Amino acid sequence: MMFTKLCSLAILGILLGNKCVDAVSNSSTRLKFTIELQALTTSVTQTADFKLLFHGCDKNGHNITLTWDADEQIKLSPSIITINGCESEHFSINISSSKQGRFIIRPIIITSNLSVVDDARLFVQLKVAQYRPLIIVSMLIGWTYTVCWTIGDYFQAWTSYRRKSVVGLSFDFLYLNIVGNCCYATFNVVLFCSTFIEDEYFRRHPFGLNPVVPNDVGYAVHAVFGNLVLIAQCYIYQNGGTVVSTAVKLLISGYVLMVSVFCGFAIEEQMHWLDFLYILSYVKLSTNLIKYIPQVLMNYRRKSTEGFAISNRLLDLAGGLLSLLQMVLNGWNYDDWQSIVGSPVKFGLGFVSIFFDVIFMVQHYLCYRSHKGEPSKPA
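In this text the structure is predicted, and so the values were computed from the model without any measurement. (Residues numbered from 1 in each chain as written. Predicted model: local features only at pLDDT ≥ 70, side-chain atom pairs only at ≥ 80, totals over all residues. Heavy atoms only, no water.)

Trainee: In this structure, what is going on with the overall build of the protein chain? I would like to understand it.
Mentor: Within the protein chain, the secondary structure is distributed over 11 helices and 10 strands. Taking all 379 residues of the protein chain together, 45% fall into the buried category. Of all intrachain contacts in the protein chain linking residues separated by at least 6 positions in sequence, the fraction that spans at least 24 positions is 77%. For the protein chain, the exposed surface amounts to about 19,700 Å²; the carbon and sulfur share of it is 62%. (Helix = DSSP H or I, 4+ residues; strand = E, 2+ residues; numbered from the N terminus. Buried < 20%, exposed > 50% of the residue type's maximum accessible area, 1.4 Å probe, protein only. Contact = heavy atoms within 4.5 Å. Areas by Shrake-Rupley, 256 points an atom, 1.4 Å probe, with all protein chains shown as cover.)

Okay, structure coming up:
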């Protein structure tokens with residue numbers, strides 16, 4: 001598929017470019033501090049630990065004193081660290097908070113020659129919950145909705161396999177879905193693997209961490225695999241003459257053209273590769289808004305949902321509701337409602353998905369409960 005190949009070429013180009021950038025090493029005698037475990041989660045009744053690592057040496061030796069820039073509710077031990085000599089050292093720091101919320105903790109480095117100290121990205125993100133058991137509940141909710149979203153395609157694949165037919169399943173829905181998921185997978189894989197793009201992200205977000213974790217990469221790649229299985233079934237089993245509509249072909253062609261143009265801009269260094277990834281994320285968002293419409297219309301025209309696995313939508317609905325529940329739960333437990341208010345697109349898309357899931361439920365269980373439906377006619 002052209003769009004899949006385009007995304008694969010984009011990944012390959014960025015990663016190869018990344019290797020070239022990484023190959024250019026910059027030897028330096030600067031003293032370097034690093035922090036291990038930059039993201040910590042604890043509660044007001046618990047403590048957490050992270051490590052401060054120091055290595056490097058300038059020719060004149062060094063005498064460094066380090067203290068902390070943190071809110072008054074934050075307690076760190078040791079609160080003052082003194083480094084003398086030229087040996088690499090590491091320190092275990094204990095941290096606690098008397099207040100829930102999100103905090104940034106930064107070290108204050110005092111030395112006679114600050115220019116020889118490399119303190120880039122030296123900070124800790126601390127999340128403090130009111131109740132620790134709710135942290136575990138939130139994690140369980142997160143794993144549950146991830147499983148719901150991950151296995152949904154298998155129910156559709158089993159339905160088509162059992163019937164030896166894909167009649168009743170909208171090809172427009174499948175193709176819009178794989179376009180969005182290819183963009184989503186490309187975004188996650190590249191941002192996770194490319195230090196070149198990660199460095200640009202850190203430059204724009206000095207106190208941010210990479211938003212993509214290994215679970216995100218696995219989920220996105222698996223979603224593309226599930227979509228490919230469903231599309232392959234469309235050409236193996238009876239399809240009743242169903243094809244991708246002209247309107248969706250034109251829309252996908254527009255997506256391919258737009259991504260190609262912006263990819264060219266990135267290759268010619270007219271825009272950063274990170275901005276190109278953001279373009280892919282916008283494609284994913286737009287497909288999420290419209291991809292369900294063809295399936296709703298097909299069900300309406302056939303007066304039936306036969307061939308469309310309602311169990312897939314039940315799992316999607318459960319996942320969407322659990323995702324929103326987790327957002328609300330975390331907002332209350334961490335006193336961090338800004339995480340919801342600050343992500344209106346994510347919150348809104350969750351409601352869009354739930355809205356269409358409800359429509360599918362109404363069609364399946366109320367409107368067309370006893371209808372078998374007729375094979376779809378080609379568009």
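Now that the structure has been shown, we can carry on.
Trainee: In this structure, what is going on with empty space enclosed by the protein? I would like to understand it.
Mentor: One way to see where empty space is left: roll a probe the size of a water molecule over the atoms. Evaluation of the coordinates by the stated rule reveals one cavity of 30 Å³ or more. Taken together, Asp153, Tyr154, Ala157, Phe225, Gly226 and Val229 make up the full set of residues lining the largest cavity. A class-by-class count of the residues in the lining of the largest cavity yields four nonpolar, one polar and one charged. (1 Å grid on protein atoms, 1.4 Å probe; cavity = no way out; pocket = protein on both sides within 12 Å on 5 of 7 lines; lining within 4 Å. Points joined across faces, edges and corners; volume = space filled by probe spheres on them. Nonpolar A, V, L, I, M, F, W, Y, C, P; charged D, E, K, R; others polar.)

Trainee: Would you explain the pairing of strand E7 (residues 89-97) in this entry?
Mentor: Regular strands show a simple pattern: their side chains alternate between the two faces of the sheet. Bridge count between strand E3 (residues 47-55) and E7: eight bridges; the pairing is antiparallel. When the bridges of E7 are listed, Asp49 appears paired with Asn94. Where strand E5 (residues 74-77) meets E7, four bridges bridge the pair, whose relative direction is antiparallel. Note on E7: the bridge partner recorded for Ile74 is Ser97. (Pairing = 2+ DSSP bridges.)

Trainee: I keep staring at the packing of helix H3 (residues 171-193) against helix H4 (residues 195-204) and nothing clicks. Help me out?
Mentor: Between two packed helices, the angle of one axis relative to the other and the distance separating the axes together describe the packing. It is the contact of H3 with H4, at a shortest axis distance of 5 Å, that shows an interaxial angle of 85 degrees. As summarised for this structure, H3 and H4 are arranged roughly perpendicular, according to the angle between their axes. From H3, Val190, Leu191 and Cys193 reach across to H4, where they touch Thr195, Ile197, Glu198 and Tyr201. (Axes fitted to C-alpha atoms, helices over the stretch in contact; angles between N-to-C directions. Parallel < 35°, antiparallel > 145°, perpendicular 65-115°, else oblique.)

Trainee: Quick question: what am I supposed to make of the nonpolar core here?
Mentor: Most often, soluble globular proteins keep nonpolar side chains buried together rather than apart. Counting residues in each nonpolar core, the largest one holds 56 residues, and the members touching the most others are Leu174, Leu191, Ile197, Ile252, Phe276, Leu277 and Phe360. Only H3, H4, helix H5 (214-236), helix H6 (246-267), helix H7 (273-290), helix H9 (310-333) and helix H11 (344-367) provide two or more residues apiece to this core. With 14 residues, H3 is the largest single contributor of residues to this core. Residues in contact with Leu191, not counting those within four places in the same chain, are Ile197, Glu198, Tyr201, Asn210, Pro211, Val212, Leu274 and Leu277. Grouped together as the second largest cluster of nonpolar side chains are 26 residues, Phe50, Val117, Leu126 and Val128 included. (Core = buried A, V, L, I, M, F, W, Y, C linked by side-chain atoms within 4.5 Å.)

Trainee: Could you clarify how one ought to interpret the packing of aromatic side chains in this entry?
Mentor: Two descriptors summarise a pair of aromatic rings, namely the distance from one centre to the other and the angle between the planes of the rings. Counting across every chain of the model gives 17 aromatic pairs. For the pair Phe171 and Tyr235, a centre-to-centre distance of 6.5 Å together with 50 degrees between the ring planes defines the contact as tilted. Taken together, the residues span a long stretch of sequence, with Phe171 in helix H3 and Tyr235 in helix H5 at a distance of 64 residues. Taking the relative accessible area as the measure of exposure, Phe171 reaches 3% and is therefore buried. Owing to a relative accessible area of 56%, Tyr235 belongs among the exposed residues under this scheme. An angle of 90 degrees between the planes, with centres 5.5 Å apart, marks the rings of Trp273 and Phe276 as edge-to-face. With Trp273 and Phe276 both in helix H7 and three residues apart, the pair spans about one turn of that helix. Per residue, the accessibility class of Trp273 equals that of Phe276, and both read buried. By way of ring pairs, the aromatic residues Phe173, Tyr292, Phe308, Phe355, Phe356 and Phe360 are connected into one cluster. Of note, Lys164 hangs over the ring of Tyr161, and the distance from its end group to the ring centre comes to 3.9 Å. Here the guanidinium or amino end of Lys303 rests over the ring plane of Tyr300, the centre of that ring lying 4.0 Å away. (Phe/Tyr/Trp six-rings, centres within 6.5 Å; stacked < 30°, edge-to-face > 60°. Lys NZ or Arg CZ within 6 Å of the ring centre and 35° of its normal.)

Trainee: Looking at this model, I keep getting lost on the side chain of Thr242. Mind explaining?
Mentor: Of note, Thr242 is situated in the loop between H5 and H6. Given the relative accessible area of 6%, Thr242 is considered buried. Engagement of the side chain of Thr242 in a polar contact is seen with the backbone oxygen of Asn239, the distance being 2.9 Å. (Polar contact = N/O pair within 3.5 Å; in protein donor to acceptor, adjacent residues only side chain to side chain.)

Trainee: Mind showing me how you'd approach the sheet that holds strand E2 (residues 39-43) here?
Mentor: The strands that make up a sheet pair up through hydrogen bonds in the backbone, lying either parallel or antiparallel. Spatially, E2-E10-E8-E4-E6 is the arrangement adopted by the five strands of the open sheet, whose pairing is mixed. Each having just a single partner strand, E2 and strand E6 (81-84) make up the two edges of the open sheet. Across this sheet, the average inter-strand angle for adjacent strands is 25 degrees, counted without regard to direction. Direction of pairing for E2 relative to strand E10 (residues 124-129): parallel, over a ladder of five bridges. Pairing of Ser43 across the sheet is with Ala129, part of E10.

Trainee: Honestly, a nonpolar patch on the surface in this entry has me stumped. Any pointers?
Mentor: Where nonpolar side chains cluster on the molecular surface, the patch consists of Leu314, Val358, Val362, Tyr365 and Leu366 and spans about 430 Å² of accessible area. Examining the composition of the nonpolar patch, we find that four residues originate from one element, H11, more than from any other. Of note, Leu366 is situated in helix H11. Classification of Leu366 by relative accessible area gives exposed; the value is 64%. (Patch = residues over 30% accessible without salt bridge, like charges linked within 9 Å, V, L, I, M, F, W, Y side chains within 5 Å. Salt bridge = Lys/Arg side-chain N within 4 Å of Asp/Glu carboxyl O.)

Trainee: Would you mind showing me how to read the pattern of salt bridges here?
Mentor: Pairing between side chains of opposite charge can happen when their charged atoms approach one another. Under the definition given, this model contains six salt bridges. When the shortest N-O distance is used, the salt bridge between Glu200 and Arg204 registers 2.8 Å. With Glu200 and Arg204 both in helix H4 and four residues apart, this pair spans about one turn of that helix. Bridged by salt links that share partners, the residues Glu200, Arg203, Arg204 and Asp275 form one connected network.

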